[in-house]
Amino acid sequence: MSDCIFCKIAKGEIQAQILYQDEDLIAFKDLNPQAPSHILIIPFRHIENLAAAQEQDALLLGKIQLAAAKIAKELGLKDFRLVANNGKGAGQSVFHLHYHLMGGRRFLWPAG
Ligand code: DGP
């Protein structure tokens, strides 16, 4: 999508601190970190959010989770949180599917 910030990052049109990328996805540091390590993992292909994902995206969604575990390991994060905000009411502000990989501090549960 032409007006999507994360599509622009995926295309290299907007700079980001990229930690990992492969043929399907890219991971970069969050601009507004909520933890010492806060990485966003997005698919290259524009999908609005998890609710918009289709059966055909199952492999892609699995790859994102495996990439998250790999990146966490590379960052030395034994414990981490992986979050996808879905919809405005859940805190989604960028409508391109992304997972927040966060670590380096303790997290409360329930999250509130
Ligand atoms: P969410 O609220 O779940 O939609 O998360 C969006 C995240 O994206 C938020 O934590 C801030 C981050 N973000 C927004 N714009 C940019 C940007 O241009 N670059 C980077 N690196 N992160 C961004």
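Calculation criteria
Residues numbered from 1 in each chain as written. Predicted model: local features only at pLDDT ≥ 70, side-chain atom pairs only at ≥ 80, totals over all residues. Heavy atoms only, no water. Helix = DSSP H or I, 4+ residues; strand = E, 2+ residues; numbered from the N terminus. Rg over C-alpha atoms; globule rule 2.2 N^0.38 Å. Buried < 20%, exposed > 50% of the residue type's maximum accessible area, 1.4 Å probe, protein only. Contact = heavy atoms within 4.5 Å. Lys, Arg positive; Asp, Glu negative; His and termini not counted. Charge placed at Lys NZ, Arg CZ, Asp CG, Glu CD. Near = heavy atom within 4 Å. Polar contact = N/O pair within 3.5 Å; in protein donor to acceptor, adjacent residues only side chain to side chain. Areas by Shrake-Rupley, 256 points an atom, 1.4 Å probe, with all protein chains shown as cover. Pairing = 2+ DSSP bridges. Salt bridge = Lys/Arg side-chain N within 4 Å of Asp/Glu carboxyl O.

1. What to know about the overall build of the chain
Consideration 1: Helices and strands together make up the secondary structure of the chain, namely two helices and five strands.
Consideration 2: Taken from the N to the C terminus, the helices and strands of the chain come in the order α-β-β-β-α-β-β.
Consideration 3: Against the 2.2 N^0.38 benchmark of 13 Å for 112 residues, the chain shows a C-alpha radius of gyration of 13 Å, consistent with a compact globule.
Consideration 4: Once the C-alpha set of the chain is aligned to its principal axes, its extents read approximately 35 × 30 × 25 Å.
Consideration 5: Going through the 112 residues of the chain one by one, you find that 38% of them count as buried.
Consideration 6: For the chain, contacts bridging at least 24 residues in sequence account for 53% of all contacts bridging at least 6.
Consideration 7: Here the chain contributes 12 positive and 11 negative side-chain charges, whose respective centroids are spaced 8 Å apart.

2. Let's talk about the site of the ligand
Consideration 1: Near the ligand, the surroundings consist of 15 residues, among which Asp-30, Asn-85, Gly-91, Ser-93 and His-100 are the closest.
Consideration 2: Val-94 places a polar main-chain atom, nitrogen or oxygen, 3.0 Å from an oxygen atom of the ligand.
Consideration 3: Protein chains bury 84% of the 510 Å² of accessible surface belonging to the ligand in isolation.
Consideration 4: The greatest single-element share of the shell around the ligand, amounting to three residues, is contributed by helix H1 (residues 5-11).

3. What to know about the side chain of Gln-92
Consideration 1: Note on placement: Gln-92 falls in the loop between strand E4 (80-83) and strand E5 (99-103).
Consideration 2: Within the local environment of Gln-92, its side chain forms a polar contact with the side chain of Asn-49, the two groups lying 3.2 Å apart.
Consideration 3: A polar contact of 3.0 Å, which involves the side chain of Gln-92, links it to the backbone oxygen of Val-94.
Consideration 4: Contacts of Gln-92, omitting those with residues within four sequence positions, involve Glu-48, Asn-49, Asn-85, Asn-86, Gly-87 and His-98.

4. Structural notes on the pairing of E5
Consideration 1: With five of five residues buried, E5 is to be regarded as a mostly interior element.
Consideration 2: Burial along E5 is two-sided: the residues Tyr-99, Leu-101 and Gly-103 and His-100 and Met-102 are all buried.
Consideration 3: Relative to E5, strand E3 (residues 37-43) is paired through five bridges, and the arrangement is antiparallel. Among the inter-strand pairings, Ile-41 is bridged to a residue of E5, identified as Tyr-99.

5. Considering the pattern of salt bridges
Consideration 1: For the coordinates displayed, the defined rule picks out three salt bridges.
Consideration 2: Asp-57 is the salt-bridge partner of Arg-45, the closest N and O atoms lying 2.6 Å from each other. Separated by 12 residues along the polypeptide, Arg-45 in the loop between E3 and helix H2 (58-74) and Asp-57 in the loop between E3 and H2 bring together distant segments of the chain.
Consideration 3: Residue Arg-45 is classed as partly exposed on the basis of its relative accessible area, which comes to 44%.
Consideration 4: Two residues, Asp-79 and Lys-78, come together in a salt bridge whose shortest N-O distance is 3.7 Å.
Consideration 5: The class of Asp-79 is exposed, set by a relative accessible area of 56%.
Consideration 6: What makes Lys-78 exposed here is its relative accessible area of 74%.

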